[in-house]
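Descriptive structure summary
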Amino acid sequence: MSEIYRASTTAPVNIAVIKYWGKRDPKLNLPTNSSLSVTLSQNDLRTHTTASCSASYPAEDSLLLNGKPQDVSGARTQACFRELRALRKEVEAKDSNAPKLSELPLKIVSENNFPTAAGLASSAAGFAALVRAIANLYELPADPTELSRIARQGSGSACRSLFGGYVGWEQGSEADGSDSKAFEVAPASHWPNMRAVILVVSAAKKDVSSTSGMQTTVATSSLFASRASETVPRRMKEMQDAIKNKDFETFAKVTMMDSNSFHATCLDTYPPIFYLNDVSRAAIKMVEQINNAAGKIIAAYTFDAGPNAVIYYLEENEKAVAGVFKTLLANKEGWSSERGAAVEGNYEAAEK
Ligand code: PMV
C-alpha cells in the first residue's frame, strides 16, 4: 500500500471595505484597483480543507466541495496546482531525501460552513484554504505574501484571506502579476473590538458571477474609469489612515460609500447588474436610522456580489446595532426564515 501524505487547514472569509471590481488581466486575476478587507474569525465563516496525495490515488487530481466533486480542469485551479507543484519541485531538487510529492495526484476535500457562491466570499476562503493546505502538504515556506500571489490566481479576493485582521491587496503594475499581492494593514489585535453581523437575505447562488460581472462592467460602464483611477486610490489611503487611527466614523463612512460606488458601477453596466434587492435596501435604511438615532456613525453596511448585508460595528455598540437588527427584523416580512435566518451570527475579527 502506498503512503498517503496529508495536511489540513482552515481559511476564514474576508469582507472587503474597499471593493475589488474589474480585472486588467482576467487570466492572471490582476485587478484594475487595489482593495482592502477585514478577515473574519476562523471560528465562524470558514473553509476547512484537507489536501492529500498518494501514488495509490487515481491519476487525475480531484476536489470535493461540501461532498460534491468539482471540476478542477479550469485555468484558475490549474494555475494554483501548477505554481505549488513548481515550488515543491524546488524543495525536492534541494533535498534528495524529500519524497517526490510533486509527481503524485492530489485529492482535496473542502467544507464550507456557510452558503457557497451567495455573495459571502466563499471563493476567497476556498482558494485561500486550498493553497495553504497544499503548501502545508508540500512543506513549503508558509509566507502569506507569497501564498497570496498564488491564491490570487484562483480567486482574486482569496489573496486577502491569507492574512488575519485588516488586509490590503496591492493591485501592482507588473504584467506577470509578481507585485499583485496581499499585505497586512494591521493585525486584528490592533483594533480587536471590530465586529461584523451578516444578514443572510438569500442563500441562493448569485445570478451574475463576479468574473463575468467585472468583465461587463469594465467594457461598458462609464463610471468605472473614475472609480478605478481616482475614487479607490483616494479611499485606500483614507481607509488605511482610519484603521491606523481606529477612527470608526471614517472607516464606516468610507466602507458605505465604497459599497455604494461599487453597486453604482454595477447598475451602470450594460446590461445592468442588480446585486441588491429590496431587503438589502431596507438594511441600508436601517443602518441610517441607527446612525441617526445615535447622533454619530456607529454602524456601516457593505454588500458584495449578492444581496446579503454585512454590518460592521464596534463591540461597545453591540446592543444598538446587532441588537436592533435582531429585534426589528425578526417579525418583518422579507426576513422570514425561508430566506435564511435574519441574523446569521456575530463574527469577531480574526486573531492572527
Ligand atoms: O474574488 P472574486 O472574483 O470572487 O471577486 C470578489 C468581488 C467582491 O467580493 C464583490 C469584492 C471584493 O473585493 O471582495
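Within any chain, residue numbers begin from 1 and follow the written order of that chain's sequence. Where totals are concerned, whole chains, interfaces and linings use all residues; where local detail is concerned, this predicted model gives features only for residues with pLDDT of at least 70, and gives and counts side-chain atom pairs only at 80 or more. Side-chain measures here rest on the full set of heavy atoms in the structure, leaving out hydrogens and waters.

1. Digging into the site of the ligand
Definition in use: Throughout, the term near means that a residue has one or more heavy atoms lying within 4 Å of the molecule or strand in question. Polar contacts, as counted here, are pairs of nitrogen or oxygen atoms within 3.5 Å of one another; within protein the pair requires one atom able to donate a hydrogen and one able to accept it, and residues that are adjacent in sequence qualify only if both atoms are side-chain atoms. Methods summary: accessible areas were calculated by the Shrake-Rupley approach with a probe of 1.4 Å, and residue burial reflects only the protein chains presented. Nonpolar residues are Ala, Val, Leu, Ile, Met, Phe, Trp, Tyr, Cys and Pro. Charged residues are Asp, Glu, Lys and Arg, and all others, Gly as well, are polar.
As a structural note, the neighbourhood of the ligand is formed by 14 residues, with Tyr20, Ser155, Ser157, Arg160 and Ser210 the closest of them. Ser155 is positioned such that a nitrogen or oxygen atom in its side chain is 2.9 Å from an oxygen atom of the ligand. At a separation of 2.8 Å, an oxygen atom of the ligand approaches a polar side-chain atom of Arg160. When the ligand sits alone it has 380 Å² of accessible area, and the protein chains cover 94% of it. By residue class, the composition of the shell around the ligand is six nonpolar, five polar and three charged.

2. Observations regarding unusual backbone geometry
Note the threshold: Only runs of H or I of at least four residues qualify as helices and only runs of E of at least two qualify as strands under DSSP, and these elements are numbered from the N terminus.
Here the amide bond leading from Tyr270 into Pro271 is cis, since omega sits at -5°, within 30 degrees of zero. Topologically, Pro271 is positioned in the loop between helix H6 (248–267) and helix H7 (278–294). In this structure, Lys246 takes a positive phi of about 50° despite not being glycine. Among the structural elements, Lys246 can be located in the loop between helix H5 (223–244) and H6.

3. Regarding the packing of aromatic side chains
This is how it is decided: Working definition: a ring pair exists when centres of Phe, Tyr or Trp rings (six-membered ring for Trp) sit within 6.5 Å. Plane angles under 30 degrees give stacked, over 60 give edge-to-face, the rest tilted. Exposure is judged per residue with a 1.4 Å probe applied to protein chains only, and the accessible area is read against the type maximum: over 50% gives exposed, under 20% gives buried, and values in between give partly exposed. Lysine NZ or arginine CZ positioned within 6 Å of the ring centre and within 35 degrees of the ring normal marks a charge as sitting over the ring.
Inspection of the entire model under this criterion finds nine aromatic pairs. Where Trp191 meets Phe251, the ring centres are 5.5 Å apart and the plane angle is 80°; that geometry is what we call edge-to-face. Placement of the pair is Trp191 in the loop between strand S11 (182–186) and strand S12 (194–199) and Phe251 in helix H6, with a sequence separation of 60 residues. The class for Trp191 is buried, based on a relative accessible area of 3%. Residue Phe251 is classed as buried on the basis of its relative accessible area, which comes to 0%. Ring geometry for Phe248 versus Phe251: centroids 5.8 Å apart, planes at 35°, classification tilted. Of this pair, Phe248 and Phe251 are both found in helix H6, three residues apart, which corresponds to roughly one turn of the helix. Phe251 matches Phe248 in its accessibility class, with the two residues each being buried. The aromatic ring of Tyr57 is capped on one face by Lys107, whose charged end is 4.1 Å from the ring centroid.

4. Looking at the pairing of S12
Each regular strand carries side chains that alternate between the two faces of the sheet. Stated formally: Any two strands with at least two DSSP bridges between them are considered paired.
Burial analysis of S12 places six of its six residues in the buried class, which makes it a mostly covered element. Across the two faces of S12 the burial is the same, with Met194, Ala196 and Ile198 and Arg195, Val197 and Leu199 all buried. Relative to strand S14 (residues 309–314), S12 runs antiparallel, the two sharing six bridges. Counted as the bridge partner of Arg195 is Tyr313 from S14.

5. Concerning the side chain of Lys19
What counts, and what does not: Any pair of residues with heavy atoms lying within 4.5 Å of one another is described as a contacting pair.
With respect to the secondary-structure elements, Lys19 resides in the loop between strand S2 (14–18) and strand S3 (23–25). There is a polar contact of 2.6 Å between the side chain of Lys19 and the side chain of Asp304. Apart from residues no more than four positions distant in its own chain, Lys19 is found in contact with Asn33, Ser34, Ser35, Arg227, Asp258, Phe262, Thr302, Phe303 and Asp304.

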